[in-house]
Amino acid sequence: MNFQWYPGHMTKAKRQMQEDIKLVDLVIELLDARIPQSSRNPDIDELGKNKYRLILMNKADLADKDATDAWTGFFREKGYFVVSLDARSKNGMKAITDSIMEVCKEKVERDRKRGIKNRPVRAMVVGIPNVGKSTFINSYAGKACARTGNKPGVTKGKQWIRLNKSVELLDTPGILWPKFEDQTVGLKLALIGSIKDEILNTDELAIELIRFLRNQYSGILKERYGISEEGELSQVLLCIAESRKCLTKGGELDYSKAAALLIDEFRSGKLGRITLELPDHYRREKDV
Ligand code: G4P
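Residues numbered from 1 in each chain as written. Predicted model: local features only at pLDDT ≥ 70, side-chain atom pairs only at ≥ 80, totals over all residues. Heavy atoms only, no water.

Undergrad: Whenever I open this one, the packing of helix H4 (residues 93-103) against helix H6 (residues 133-141) confuses me. Can you help?
TA: The axes of two packed helices give the description: the angle between them and the distance between them. It is the contact of H4 with H6, at a shortest axis distance of 9 Å, that shows an interaxial angle of 95 degrees. The angle between H4 and H6 falls in the class roughly perpendicular. Every residue of H6 that contacts H4 at Met93, Ile96, Thr97 and Ile100 is listed here: Phe136, Ser139 and Tyr140. Considering only residue class, the contact of H4 with H6 consists of five nonpolar, two polar and no charged. (Axes fitted to C-alpha atoms, helices over the stretch in contact; angles between N-to-C directions. Helix = DSSP H or I, 4+ residues; strand = E, 2+ residues; numbered from the N terminus. Parallel < 35°, antiparallel > 145°, perpendicular 65-115°, else oblique. Contact = heavy atoms within 4.5 Å. Nonpolar A, V, L, I, M, F, W, Y, C, P; charged D, E, K, R; others polar.)

What follows is the structure in structure tokens.
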């Protein structure tokens, strides 16, 4: 499958981010825990150099826990602070503030030595589309916090959310563009729903998903749909169609309907917690 997805507005987004990053101490980078590598744009290392960095592996509720642990270890080894979370839940948010303070310890200490008290850490959230940036900002900021902007001392046109006495968050997240180094990156982004479905061949996508699941999460399709996982990939999809009564108006098995259903159930976590890629040294045959 050939992925040609590069929205034109990304150049503008990048320029905007370069400007916004100048205003913050800390860059909070959201990744999708199901594809931490493929949902990460390595340019962020250049864009965010000289800034404190925190990686949030979001949608961890949908990812394989062992794989998330492996990725956490991988990024920590590289020197990043990492937290995994479900941005829809407000539960983990206190831990985020603790992590932010830990990451920015040096700045807080430096301020203290200079006699500057209560100067909040300024942070911004970045990540590729659909990774959960807005959800995270909403959960983290909650209702209670004040949005500030266009006040003396506040950059014109910028909205800051004062989270508590220690942290201020830029209201608008920075949008990163996925990096299509190879076709498997595009495939993984498509599977998690980061590429508009209208430009995808859903049938092919479903076949690739079956291939991956059969190799790496053997038994998962059998359990969910009560089918045999053996044989041709297209045959397995037909079995899913049969099992879920995906039929055309004429009463034939509807291959495309089954493909859409399978992808939808994968994305919503109904097939279980699945991660599509592992860090290099963990790599069994687990990647798509
Ligand atoms: P963005 O700003 O980065 O573009 O992403 P956004 O917050 O809009 O989130 C994209 C979708 O991902 C939303 O679902 C959101 O609810 C979901 N989401 C965000 N964080 C998590 C998470 O940690 N776990 C899970 N399971 N889902 C998460 P949606 O279907 O587009 O909208 P809605 O149905 O929630 O309204």
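Undergrad: Can you help me understand the confidence of the model for the protein in this one?
TA: Atom-level detail of predicted coordinates should not be read off regions where pLDDT is low. Taken over all residues, the pLDDT of the protein has a mean of 89, while the share at 70 or more is 89%. Ranking the elements of the protein by mean pLDDT puts strand S5 (residues 146-149) last with 51 and strand S2 (residues 52-58) first with 98. (pLDDT = per-residue confidence, 0-100.)

Undergrad: How should the site of the ligand be read in this particular structure?
TA: As a structural note, the neighbourhood of the ligand is formed by 16 residues, with Asp61, Ala87, Lys133, Ser134 and Thr135 the closest of them. Within the contact set of the ligand, an oxygen atom lies 3.0 Å away from a side-chain nitrogen or oxygen of Asp86. Contact with the protein chains removes 60% of the 710 Å² of surface that the ligand exposes when unbound. In terms of residues, the shell around the ligand owes the most to one element, H6, which gives three residues. Residues belonging to the shell around the ligand are distributed by class as follows: six nonpolar, five polar and five charged. (Near = heavy atom within 4 Å. Polar contact = N/O pair within 3.5 Å; in protein donor to acceptor, adjacent residues only side chain to side chain. Areas by Shrake-Rupley, 256 points an atom, 1.4 Å probe, with all protein chains shown as cover.)

Undergrad: Please clarify how the pattern of salt bridges should be interpreted in this entry.
TA: Any two side chains of opposite charge can pair, given that their charged atoms come close. Applying the stated rule across the entire model yields 23 salt bridges. When the shortest N-O distance is used, the salt bridge between Asp45 and Arg40 registers 3.4 Å. Classification of Asp45 by relative accessible area gives partly exposed; the value is 30%. The network of salt bridges with common partners includes Glu29, Arg40, Asp45 and Arg53. (Salt bridge = Lys/Arg side-chain N within 4 Å of Asp/Glu carboxyl O. Buried < 20%, exposed > 50% of the residue type's maximum accessible area, 1.4 Å probe, protein only.)

Undergrad: Please clarify how helix H11 (residues 255-267) should be interpreted in this entry.
TA: Three- or four-residue spacings in an α-helix give side chains the same orientation, since the helix completes a turn every 3.6 residues. Look at H11: 18 Å from first C-alpha to last across 13 residues, which is about the 18 Å you get at 1.5 Å a residue. Among the residues of H11, those classed as buried are Ala258, Ala259, Leu262, Ile263, Glu265, Phe266 and Arg267. Two to three positions downstream of the cap, the backbone nitrogen of Ser256 sits 3.2 Å from a side-chain oxygen, assigning the N-cap of H11 to Asp254. Two residues or fewer after H11 comes Gly269, characterised by a positive phi angle close to 85 degrees. (Expected span 1.5 Å × (residues − 1).)

Undergrad: Looking at this model, I keep getting lost on the environment of Val121. Mind explaining?
TA: The topology assignment puts Val121 in strand S4 (residues 121-127). Placed 21 residues apart in sequence, Val121 and Ile100 show a C-alpha to C-alpha distance of 8.2 Å. The contact partners of Val121, leaving out residues within four places of it in the chain, are Asp25, Leu26, Ile100, Met101, Cys104, Lys107, Val108, Ser166, Val167 and Glu168.

Undergrad: Looking at this structure, how should I read the pairing of strand S1 (residues 26-32)?
TA: Each regular strand shows side chains that alternate between the opposite faces of the sheet. For S1, a buried count of seven out of seven residues is recorded, marking the element as mostly surrounded by other parts of the structure. Where burial is concerned, the two faces of S1 agree: the one with Leu26, Ile28, Leu30 and Asp32 and the one with Val27, Glu29 and Leu31 are both buried. Note: S1 against S2, seven bridges, orientation parallel. Pairing of Leu26 across the sheet is with Tyr52, part of S2. Relative to S4, S1 is paired through four bridges, and the arrangement is parallel. Residue pairing for S4: Leu26 is matched across the bridge by Ala123. (Pairing = 2+ DSSP bridges.)

Undergrad: For this particular structure, what's the right way to read H4?
TA: Every buried residue belonging to H4 is among Met93, Ile96, Thr97, Ser99, Ile100 and Val103, and all of these are buried. All buried residues of H4 fall inside an arc of 160 degrees around its axis, so they share one side. (Arc of directions from axis to C-beta.)

Undergrad: Would you mind going over the packing of aromatic side chains with me for this structure?
TA: Each pair of aromatic rings is reported with the distance of its centres and the angle of its planes. As enumerated under the stated definition, the model contains six aromatic pairs in all. By the ring-pair criterion, three or more aromatic residues cluster together here, those being Trp71, Phe74, Phe75 and Tyr80. Stacked on the ring of Trp160, the Lys or Arg Arg122 has its end atom at 4.0 Å from the ring centre. (Phe/Tyr/Trp six-rings, centres within 6.5 Å; stacked < 30°, edge-to-face > 60°. Lys NZ or Arg CZ within 6 Å of the ring centre and 35° of its normal.)

Undergrad: How should unusual backbone geometry be read in this particular structure?
TA: Both trends apply: most residues other than glycine have a negative phi, and most peptide bonds are in trans. Phi is positive for Lys59, close to 60 degrees, though the residue is something other than glycine. Even without being a glycine, Lys245 presents a positive backbone phi close to 50 degrees. Judged by relative accessible area, which is 65%, Lys245 ranks as exposed.

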